[in-house]
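As a plain string of letters, each chain reads:
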Amino acid sequence: MSNPQPSTKTGIVKQVLSGDAVVIRGQPRGGPPQEKTLAFSNVTAPRLARRPNPNAESSGETKDEPYAWESREFLRKLVVGKEVTFVVDNTAATSRREYGQLWINKGGEQVNVIELMVAEGLVELRTTTKQNEEMTRLIELESQAKTAGKGKWNKEKNPNAVRNITWTIENLRKFVDKNHGKEFDAVIEHVRDGCTVRAFLLPDFIYVTLMLSGVKCPNFKRDENGKETAEMFAEVARFFTESRLLQRDVKIILEGVSNQNVLGTVIHPAGNITELLLREGFAHCVDWSMGVVTQGRSKLRLAEKSAKEKQLRVWKGYQPPTLPSSVLKEFTAKVLEVVNGDALVVKTGDGQFLKVFFSSLRPPRPKTDDAQESSAATERQAGQKSRPLYDVPYMFEAREFLRKKLIGKKVNVVVDYLRPANDDFPERTYCSISREGINIAEALISKGLATVVRHRGDDDQRSSFYDELLSAEARAIKNSKGLHSKKEYPLHRVADISGDVAKAKQFLPFLQRSGKATAVVEFVASGSRLRLFLPKDTCLITFLLTGVSCPRAPLANPKAGQTFVTEKYGQEALQFTKELVLQREVTTRIYKVIAVTLHVFRWRLRLSLRIKVEILLVGSM
C-alpha cells in the first residue's frame, strides 16, 4: 500500500458523510477548530438514503443504494475520532469540493484508506480517472474484490444491503411509553447543540431527535431573517458533545416526550454525557425534564453543584445562597400543629416553638371554575365566613393526612432556605421534613394532595429533594390522584354552630343522644376553652371543660385597636392544653348549652392513660 506524500497534513476525523467522504477537523485552540470536507479521489461510494425535508413540499424520501450503509459503517468504525494523515489532490472548479487521499495508522503502519475501501468492495473506481501508478494499484484491488465477491460485488442477494428506515414515528408518545427505560444501541448522526442530537436506534433504524433529560445547554437562536446567533458558550458546548458523541456507538435510554422530541439519556463508553456536560459547566439542570430521568438524578445535581462551586463557564460569577449563622440548619422536633397542609408548628428540643413550611410545596388552592365561583358568591351574599380548610378542594384531606401521621410525633427538620418578611407576611422558614426516613412532602405530593412549586432556573432556593418531589408529582398525575383526578372534588359541608345560640340549641338533643362522640380539636382559645370538629355530625362547636376555669390567654390574632385583658398563667395554661390535645382525636359527651357555648360533661383523650383533661389541668396549676 502506498505511503503518504511529503506535503500531507494531519487532522482528526469528525464525521463520515458516506463511504467516500469525511469531515476532518484540527485540534481545538481556545474554541471549536476549523473543519475541512475531503472527498476520496478516484472512487465513488453508494449513496445513502436521505430523509424528506419537512420545510419543502416537493422534498421526498430517498432509499439507500445497495451497500451504502455498510460502506459508511466500515469507514466510520475505521476512522471517526482517529488522527489521520491526508493530502488534497485537486479542487473541483464549480463545486469547490476538495478531493484527496487519506491514511490512518494501523499497527505502526500508514494504511491508505481508499485502497482499503476498494479491497473490501465498498467503493467503485471512477471510469474517467486517468491512468497512473496509483490507479493501476486500485484497479488490481477492485479486480480481486470482484473475484472474491466482496461488498457490493457479492452476487448473492443480501436482504440487509438496503436499510428500511423509519424517519418519522407516527405516535411518538406511545412508542416511548412502550419502550420506557429500555436501552437501545444507537449511532449519533447529528449534534444540533450541546444537549440535542439526532440518532438512529438500532437495529430497526428508527430516526429520532433526542433531548438530554434534565439539562439545558446554551443554544442557537434564529432571527426573522434566518440568521443564527449563538448564545455564550453554545459553540463550545456543541463541540464538547460532538467530539465525544458524533457518529459514536452509544446506548440511549428513552425516558419521555417533549413535542416531537424524545427525552432520554445517552450513555457513552466513557460515561453519561449529561453528567459530563454539567460537571464542565456547559449545562444546567432544568426541572421540567429532570422528573423523567430514570437513573442518576443525584449524580446530575452533584455534577452541577461541582461546576457552580468552581464557577465554570455558565456559572461564572455564581454566588450560592447562604443561611444566617443564627439559623439552626438541622434539628429534631415534635409536631404540635398542622397548618393548612403546607406548614407545621413544631417544638424543638430546647423548648422553642417554630412554624416551618414545606420546601417547594404548594398546598391545594381554591377552584376557579364557574360552579365554584357561583358557590363562593352565594356564601359571600349569605354573610358566611370563608373556611379554607373545608371549602378548598383537598385542603381537608391534606391536613388530615398530615395530622394522622405527624401530630405528637418527632420529625427530622432540615432548613433549605428562608423567605424574608414582606408586606403583611413575616419571615418564613422552608424545610425538608422527614419521619423514619420518609420525606413527608414527597408522600403528600404522591397522594395528589399538593403540587410542586416551579422555581426559576437560576433559583437555588428549593427543596433538598426537589427531584424526588417532581417524580412524586409525575406519579400522582399519571395515576390521576387527588388534585389531578378528573372526578368531581369532594365537598365538606360543615355547620359552624359556635356563635349561634339557636343552632346550638337545635343540635343539642342530637349531640346528647349520641352519648360519647369522637371529635378533633381544631383550636384552643384558652386552657379550658376549645373548638371541636365532630366528623359524625359534621359540625364545629365551641365549648368549655366541666368543672375548671383557666386564666384568660392572649388573643391569637387580635384586630387593630382591639384590647383584651390577659390573666396571669393564661399563656401557660393555653400552651399546656395545646400540647396535650390540639388536632388530636378525643372522646366527648355533651351536657348542656350555656349562653352560646356547648358545655362538656365529660371529655377524655384517646391516650393509653385515658386521663380526664380537667384533672391534668388542675394537677398542673
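Conventions we followed
- Residues numbered from 1 in each chain as written.
- Predicted model: local features only at pLDDT ≥ 70, side-chain atom pairs only at ≥ 80, totals over all residues.
- Heavy atoms only, no water.
- Helix = DSSP H or I, 4+ residues; strand = E, 2+ residues; numbered from the N terminus.
- Buried < 20%, exposed > 50% of the residue type's maximum accessible area, 1.4 Å probe, protein only.
- Contact = heavy atoms within 4.5 Å.
- Areas by Shrake-Rupley, 256 points an atom, 1.4 Å probe, with all protein chains shown as cover.
- Expected span 1.5 Å × (residues − 1).
- Phe/Tyr/Trp six-rings, centres within 6.5 Å; stacked < 30°, edge-to-face > 60°.
- Lys NZ or Arg CZ within 6 Å of the ring centre and 35° of its normal.
- Polar contact = N/O pair within 3.5 Å; in protein donor to acceptor, adjacent residues only side chain to side chain.
- Patch = residues over 30% accessible without salt bridge, like charges linked within 9 Å, V, L, I, M, F, W, Y side chains within 5 Å.
- Salt bridge = Lys/Arg side-chain N within 4 Å of Asp/Glu carboxyl O.
- Lys, Arg positive; Asp, Glu negative; His and termini not counted.
- Charge placed at Lys NZ, Arg CZ, Asp CG, Glu CD.
- Pairing = 2+ DSSP bridges.
- Disulfide = S-S within 2.5 Å.

Asker: Looking at this structure, I do not really get the overall build of the chain. What am I missing?
Answerer: Assigned secondary structure in the chain consists of 16 helices and 32 strands. Taking all 621 residues of the chain together, the buried fraction comes to 46%. In the chain, 61% of the contacts between residues at least 6 apart in sequence involve partners at least 24 apart. In the form shown here, the chain has an accessible surface area of approximately 33600 Å², with 49% of it arising from carbon and sulfur atoms.

Asker: I would appreciate a short explanation of helix H15 (residues 570–581) in the present structure.
Answerer: For the α-helix, the turn length of 3.6 residues means that residues three or four positions removed from each other point alike. With 12 residues, H15 ought to run about 16 Å at 1.5 Å a step, and its terminal C-alpha atoms sit 17 Å apart, in line with that. Of the positions making up H15, those classed as buried are Gly570, Ala573, Leu574, Gln575, Thr577, Leu580 and Val581. Where H15 ends, the next residue or the one after it, Gln583, has phi of about 60 degrees, a positive value.

Asker: Would you mind going over the packing of aromatic side chains with me for this structure?
Answerer: To describe a pair of aromatic rings, one takes the distance between the centres and the angle between the planes. For the structure shown, the criterion picks out 14 aromatic pairs. Ring centres 5.7 Å apart and planes at 55 degrees place the aromatic pair Trp167 and Phe200 in the tilted group. Of this pair, Trp167 sits in the loop between helix H3 (133–148) and helix H4 (172–178) while Phe200 sits in strand S10 (residues 196–202), and the two are 33 residues apart along the sequence. Here Trp167 and Phe200 have matching classes, each one buried. A ring pair is formed by Trp315 and Tyr318, whose centres lie 5.6 Å apart and whose planes are at 75 degrees; its orientation type is edge-to-face. Judged by its relative accessible area of 15%, Tyr318 is buried. Cluster of aromatic residues (ring-pair linked, three or more members): Trp69, Trp167, Phe200, Phe205 and Tyr207. In this structure, Lys146 is placed above the aromatic ring of Trp153, and the distance from its NZ or CZ to the ring centre is 4.7 Å. Sitting over the ring of Phe205, Arg163 keeps its end group 5.4 Å from the ring centre.

Asker: It is not clear to me how the side chain of Gln101 should be interpreted in this structure. Could you clarify?
Answerer: Positionally, Gln101 belongs in strand S6 (residues 98–106). Residue classification places Gln101 among the buried positions, given a relative accessible area of 7%. Here the side chain of Gln101 touches Asp89 through a polar contact of 3.1 Å, side chain to side chain. Residues contacting Gln101, with those up to four places away along its chain left out, are Leu38, Ser41, Asn42, Thr85, Phe86, Val87, Asp89, Asn112, Ile114 and Glu134.

Asker: What exactly am I supposed to notice about a positive patch on the surface here?
Answerer: Together, Lys405, Lys409, Lys447 and Lys481 give the surface a local cluster of positive charge. Relative to the elements of secondary structure, Lys409 occurs in the loop between helix H11 (395–406) and strand S23 (410–419). Assessed through its relative accessible area of 31%, Lys409 is described here as partly exposed.

Asker: Got a minute to help me understand the pairing of strand S9 (residues 183–193) in this structure?
Answerer: Looking down a regular strand, the side chains alternate between one sheet face and the other. As defined by bridge partners, S9 adjoins strand S15 (residues 249–258) across five bridges and the pair is classed as antiparallel. Across the sheet, Asp185 pairs through a bridge with Lys251, a residue of S15. Sheet topology note: the S9/S10 ladder contains seven bridges and is antiparallel. From the neighbouring strand, Val191 faces S10, where its bridge partner is Val197. Joining the antiparallel neighbours S9 and S10 is a turn of two residues.

Asker: Explanation requested: the side chain of Asn261 in the structure shown.
Answerer: By the secondary structure assignment, Asn261 is in strand S16 (residues 261–268). On the basis of relative accessibility, which here comes to 17%, the residue Asn261 falls in the buried class.

Asker: When you look at the pairing of strand S28 (residues 517–524) in this model, what are you seeing that I'm missing?
Answerer: Counting buried positions along S28 yields six of eight residues, so the element is predominantly enclosed. Of the strand pairs in this sheet, S28 and strand S29 (residues 529–534) are connected by four bridges, and their pairing is antiparallel. Counted as the bridge partner of Phe523 is Arg531 from S29. With antiparallel pairing between neighbouring strands as the criterion, S28 and S29 make up a hairpin whose turn holds four residues.

Asker: What is the right way to read unusual backbone geometry from this model?
Answerer: Trans is the prevailing form of peptide bonds, just as negative phi is the prevailing case for residues other than glycine. A cis amide bond links Leu202 to the next residue, Pro203, at an omega of 10 degrees. By the element assignment, Pro203 lies in the loop between S10 and strand S11 (206–212). A positive phi is found at Arg96, a non-glycine position, where the angle reads about 60 degrees. Inspection of the secondary structure puts Arg96 in the loop between strand S5 (83–91) and S6.

Asker: Teacher, can you tell me more about the pattern of salt bridges here?
Answerer: As a working rule, side chains carrying opposite charge can pair if their charged atoms are close by. If you walk through the whole model with that rule in mind, you get 32 salt bridges. With a shortest N-O distance of 2.8 Å, Arg47 and Asp20 are connected by a salt bridge. Placement of the pair is Arg47 in the loop between strand S4 (43–44) and helix H1 (68–79) and Asp20 in the loop between strand S1 (9–18) and strand S2 (21–25), with a sequence separation of 27 residues. Exposure remark for Asp20: the relative accessible area of 6% places this residue in the buried category.

Asker: Explain the state of the cysteines to me, please; I cannot follow it from the model alone.
Answerer: Disulfide: a covalent bond connecting the sulfur atoms of a pair of cysteines. By the definition in use, this model includes zero disulfides. Free cysteine Cys195: the closest other cysteine sulfur is in Cys217, separated by 4.2 Å. We classify Cys195 as buried; its relative accessible area is 7%.

Asker: Looking at this structure, I do not really get H1. What am I missing?
Answerer: Taking 1.5 Å of rise per residue, 12 residues should cover 16 Å, and H1 covers 17 Å from first to last C-alpha, within 8% of that figure. Most of H1 sits inside the fold, with nine of its 12 residues counted as buried. Of all the positions in H1, only Ala68, Trp69, Ser71, Arg72, Glu73, Leu75, Arg76, Leu78 and Val79 are classed as buried. Where H1 ends, the next residue or the one after it, Gly81, has phi of about 80 degrees, a positive value.

Asker: Could you clarify how one ought to interpret the environment of Pro33 in this entry?
Answerer: Its place among the elements puts Pro33 in the loop between S2 and strand S3 (35–40). Counting along the chain gives 203 residues from Pro33 to Val236, while the straight-line C-alpha distance between them is 9.9 Å. Discounting residues that sit within four places of it in the chain, Pro33 has contacts with Arg25, Gly26, Gln27, Pro28 and Phe239.

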